[in-house]
Number of protein chains: 2
Amino acid sequence: MLDKIDRNLLCMLQQDCKQSLQALAEAVNLTSTPCWKRLKRLKNKGYIRGRGALLDNEKLNLGLTSFVLIKTQQYSSEWYRTFVQRIAKIPDVLVFYRISGEYDYFMQLEVAYMKSCDIFNKRLVNGVLGLVDVTSSFAMENKIYHRATRARVKSSPN
Amino acid sequence: MLDKIDRNLLCMLQQDCKQSLQALAEAVNLTSTPCWKRLKRLKNKGYIRGRGALLDNEKLNLGLTSFVLIKTQQYSSEWYRTFVQRIAKIPDVLVFYRISGEYDYFMQLEVAYMKSCDIFNKRLVNGVLGLVDVTSSFAMENKIYHRATRARVKSSPN
DNA sequence: AGTGAAAGAATCACTTA
DNA sequence: TAAGTGATTCTTTCACT
């Protein structure tokens, strides 16, 4: 489905989607039109979900990252839907996954102050949500930044 | 430092950085030149770290997301540097944080098969890295997608 | 996959409030 | 210090080869 050129294009776009068609085309030894056709195809087929700016958390006063693991005893689909709806409304929540294993949900928060995390956690525990166990920790250092939540394109040596 | 217009621009760019200058300008009631100057300033001051395509993991055969928590008993800065260097070379690793609390590191992997996670974990445990405890779980469902690892711009109700 | 032309967008010197 | 006009240059897009 994807040849080497397509993969290269995706990889380049992932790092910088503002590169001109010409620059991209040159990098894969094509002229602009065939390159453009490939990009259009990749978009249409859904390989490219969107193109967004990556902002600086700290500059935006959201320098505190918190990871929250949640255990619950609620397993109805009704409860789950309500839970997700509420979580989705909270802008602090950057990442939300239902996971396998000891805990049921994983979340990543980005906030300005410790207090915000505290308020958030208290809401979860004291609220009507029936959560059994909420454990959180904080990011001290982030060493892999640009890959963050972007699909890797080049294949793994594994 | 940032007025309301700047915040609006950042918010729009975060969702879609391929919008034309004109479209952005209209949305904030400006003409293209002053809008362009603002964007340039936001870029230069570092609010915008980059602009990248958001790719589809599943289409790229990287549909399995794994979360790994690691505990170690190595606390020298020398060991840490080596550890980070090795981790950074593994393309499966999408996210890597040093964290506070019970565990020392948090990682998110994106891979094609369960086997890749297994190989990865075995490497960590059996390797020369001196890891004490490695626990992993898998993503079942991801309900908050586009916000992922992008700084939130609009303020929280908290 | 490539050429070339037409439409569209970004960039900047200069002007205005 | 911030916004606007208009000219120039660069980019995208597409019919045709």
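Trainee: Please provide a residue-by-residue account of the protein's contact with DNA strand D, values included.
Mentor: Every residue close to DNA strand D is listed here: Ser20, Leu21, Gln22, Thr33, Trp36 and Lys40 of chain A together with Leu30, Thr31, Thr33, Pro34, Lys37 and Arg38 of chain B. Of all atoms in DNA strand D that approach within 4 Å of the protein, 59% are sugar or phosphate atoms. A distance of 2.5 Å is found between a phosphate oxygen of DNA strand D and a backbone nitrogen or oxygen belonging to leucine 21 of chain A. At 3.0 Å, a side-chain N or O of lysine 37 of chain B approaches a base oxygen of DNA strand D. Those elements giving two or more residues to the surface near DNA strand D turn out to be helix H2 (21-27) and helix H3 (32-44) of chain A together with helix H3 (32-44) of chain B. At four residues, the largest contribution of residues to the surface near DNA strand D is made by H3 of chain B. Counted by class, the surface near DNA strand D contains four nonpolar, five polar and three charged residues.

Trainee: I'd like a rundown of the pattern of salt bridges, residues and numbers included.
Mentor: Residue and element names in this part refer to chain A. One pass over the full model with this rule turns up 20 salt bridges over all chains. For aspartate 118, the salt bridge is made with lysine 122, and the minimal N-O distance between the two is 3.1 Å. Pair noted here: aspartate 118 and lysine 122 are both in helix H5 (residues 114-126), with a separation of four residues, about one helical turn. On the accessibility criterion, aspartate 118 (40% relative accessible area) is partly exposed. The exposure class assigned to lysine 122 is partly exposed, which follows from its relative accessible area of 47%.

Trainee: So what's going on with the interface of chain B and chain A? Residues and values would help.
Mentor: Each side of the interface is counted separately: chain B has 70 residues, and chain A has 70 residues. Between chain B and chain A lies a buried interface of about 6,900 Å² when both sides are counted; carbon and sulfur atoms form 56% of it. Connecting chain B to chain A are four salt bridges. Linking aspartate 56 of chain A and arginine 49 of chain B is a salt bridge whose minimum nitrogen-to-oxygen distance equals 3.8 Å. Elements with a minimum of two residues in the side of chain B that touches chain A: helix H1 (4-15), strand E1 (48-55), strand E2 (64-72), helix H4 (77-89), strand E3 (93-99), strand E4 (105-111), helix H5 (114-126) and strand E5 (131-144) of chain B. Its residues placed into classes, the side of chain B that touches chain A shows 37 nonpolar, 16 polar and 17 charged. Here strand E1 (residues 48-55) of chain A pairs with E1 of chain B via seven bridges, running antiparallel. From the neighbouring strand, alanine 53 of chain A faces E1 of chain B, where its bridge partner is arginine 51 of chain B.

Trainee: Tell me about the relation of the copies chain B and chain A, residues and numbers included.
Mentor: Note on the copies: chain B fits chain A at an RMSD of 0.1 Å, the axial shift is 0.0 Å, and the rotation between them is 180°. Such a turn and shift between the copies fits a two-fold axis. The overlap is high: 100% of the interface residues of chain B also sit at the interface in chain A, so the same surface is used on both sides.

Rules behind the numbers
Residues numbered from 1 in each chain as written. Chains lettered and ligands numbered in written order. Predicted model: local features only at pLDDT ≥ 70, side-chain atom pairs only at ≥ 80, totals over all residues. Heavy atoms only, no water. Near = heavy atom within 4 Å. Polar contact = N/O pair within 3.5 Å; in protein donor to acceptor, adjacent residues only side chain to side chain. Helix = DSSP H or I, 4+ residues; strand = E, 2+ residues; numbered from the N terminus. Nonpolar A, V, L, I, M, F, W, Y, C, P; charged D, E, K, R; others polar. Salt bridge = Lys/Arg side-chain N within 4 Å of Asp/Glu carboxyl O. Buried < 20%, exposed > 50% of the residue type's maximum accessible area, 1.4 Å probe, protein only. Contact = heavy atoms within 4.5 Å. Buried area = accessible area lost by both parts, 1.4 Å probe. Pairing = 2+ DSSP bridges. Least-squares fit on C-alpha atoms with pLDDT ≥ 70 in both.

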